[in-house]
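The chain contents come next:
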Amino acid sequence: MKDISESQARLKGIFNITVTPFTASGEFDFAGLSRNIERVISLGYDGILIGGTYGEFPAMTADERATLFRYVMEVVGNRVPVMLCSAGSDARVVRDLTQLAGDLGGLPMVTPPFVSEVTEAQIISFFKQMAPLSRTGILVYNAPGIGITLPPVVLEQLADIEGVVGIKQGDLNPTAIDQIANRLGGRLRLFCASDLAFLGPMMCGFDGISTTNSGALPEIILATYRALENGDANTARELHRLWYPYRALARRYGQPQLVKAAMNLRGFDGHHVRAPLIDLEPDVIGLVEQELQRLAADRRSGVTLK
């Protein structure tokens, strides 16, 4: 993408949160990453997100993240829009990665700086500093998992910053979703940050979702989203119910650990997580395999096993 206008036009639909496949020794598997990217693009995903929280960016150095950005943009080109997570607690690193992401034609995704006792005024000031650095604008990621949840009143202030093209909303409280959808819808792009519970936000008028579990279950999650997009709420609801047992495992054992294990079982390139995360134990992998077999036995899922 070349500028903010193009970002605003293309930032919609279903984006795969691409896991970062690591070898057992913790190195990048770039070939496996390319295969994972090509799979979701060929299936018809509208975009991808690289190096996010489930891409394990906190376990990477700034140089590794920059290398990842450059590699992915070389692979993808301009075929689909790419969100590049430039979040961090060190504003200097965030600044450099945000500028790089925009220069490469991606859309930087920025969280609030996760440092102790940061105030709302300081968070707003931070985003005002970051937004002008990217020629493609920035995506604000409201990520409760980092320990900071931005209330709708703060998100409204961030929406007024020139260069903010969208909000990825991780706080799925129904009241917050209702307020955001009705106060900010149409002003900028709204993304649901979780595929575990995206039907509500989409019904409220959000513009898209980002999905980690589509690394392992790309067919059923895409079919669910497209059904909802086409106004077939009944089909979307039934498909979403179909993979609930998998979601229960994901909530219990964590992402991206479970996603990578499921990808490996399907013959995809999930590989390993990087410390401090730990790969799933064999008994848990057995539970994941049972769930994949159950889904594969139901033709509606589109899931096949190797």
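For the structure given in this document, a descriptive report is provided here. (Residues numbered from 1 in each chain as written. Predicted model: local features only at pLDDT ≥ 70, side-chain atom pairs only at ≥ 80, totals over all residues. Heavy atoms only, no water.)

Here we look at the overall build of the chain
The criterion, for reference: Numbering of helices and strands runs from the N terminus, with a helix taken as a DSSP run of H or I at least four residues long and a strand as a DSSP run of E at least two residues long. Radius of gyration: over C-alpha atoms. The globule rule applied is 2.2 Å multiplied by the number of residues raised to the 0.38 power. When a residue's accessible area, from a 1.4 Å probe over protein chains only, is under 20% of the maximum for its type it is buried; when over 50% it is exposed; and in between it is partly exposed. When checking whether two residues touch, look at their non-hydrogen atoms; a contact exists if any pair is within 4.5 Å. For the area figures, the Shrake-Rupley method with a 1.4 Å probe applies, and any residue is considered shielded solely by the protein chains shown. His is not counted here, nor are the chain ends, while Lys and Arg score as positive and Asp and Glu score as negative. One atom stands in for each charge, and that atom is NZ of Lys, CZ of Arg, CG of Asp or CD of Glu.
Within the chain, the regular secondary structure consists of 13 helices and eight strands. Expected size for 306 residues packed as a compact globule is a radius of gyration near 19 Å; at 18 Å, the chain falls within 12% of this value. Projected onto the principal axes, the alpha-carbon positions of the chain cover approximately 50 × 45 × 35 Å. A buried classification covers 56% of the 306 residues belonging to the chain. Intrachain contacts of the chain at a sequence separation of at least 6 include 70% that bridge at least 24 residues. Carbon and sulfur atoms make up 50% of the accessible area of the chain, which amounts to about 12500 Å² in all. Each charge class in the chain was averaged separately, 29 positive and 33 negative side chains, and the resulting centres sit 4 Å apart.

A word on the pattern of salt bridges
What counts, and what does not: When a carboxyl oxygen of Asp or Glu lies within 4 Å of a side-chain nitrogen of Lys or Arg, that pair is called a salt bridge.
A full pass over the atoms with the stated rule returns 17 salt bridges. For the salt bridge of Arg300 with Asp298, the shortest nitrogen-to-oxygen distance reads 2.8 Å. By relative accessible area, which is 48% here, Arg300 ends up partly exposed. Within the structure, one salt-bridge network assembled from shared partners comprises Lys2, Glu6 and Arg10.

Some remarks on the nonpolar core
Stated formally: In this description, a nonpolar core means a group of buried Ala, Val, Leu, Ile, Met, Phe, Trp, Tyr and Cys residues linked to one another through side-chain atoms lying within 4.5 Å.
Among the nonpolar cores identified, the biggest contains 84 residues, and Val72, Phe127, Leu158, Leu217 and Tyr246 are the most heavily contacted of them. Within the second largest apolar cluster, 17 residues are counted, among which are Leu107, Tyr141, Val165 and Phe191.

With respect to the pairing of strand β8 (residues 208–211)
The cut-off we apply is this: For two strands to be treated as a pair, DSSP must find at least two bridges joining them. Seen with its strands pointing away from the viewer, a crossover is right-handed if its path from the first strand over the helix to the second goes clockwise.
Residues of β8 alternate between two faces, with Gly208 and Ser210 on one and Ile209 and Thr211 on the opposite face, all of them buried. The pairing of strand β7 (residues 189–192) with β8 spans two bridges and is classified as parallel. Each residue of the ladder has a partner; that of Phe191, found in β8, is Gly208. Where the polypeptide runs from β7 across helix α8 (residues 199–204) and back to β8, its parallel neighbour, the crossover connection is right-handed.

The analysis is restricted to geometry; functional conclusions fall outside its scope.
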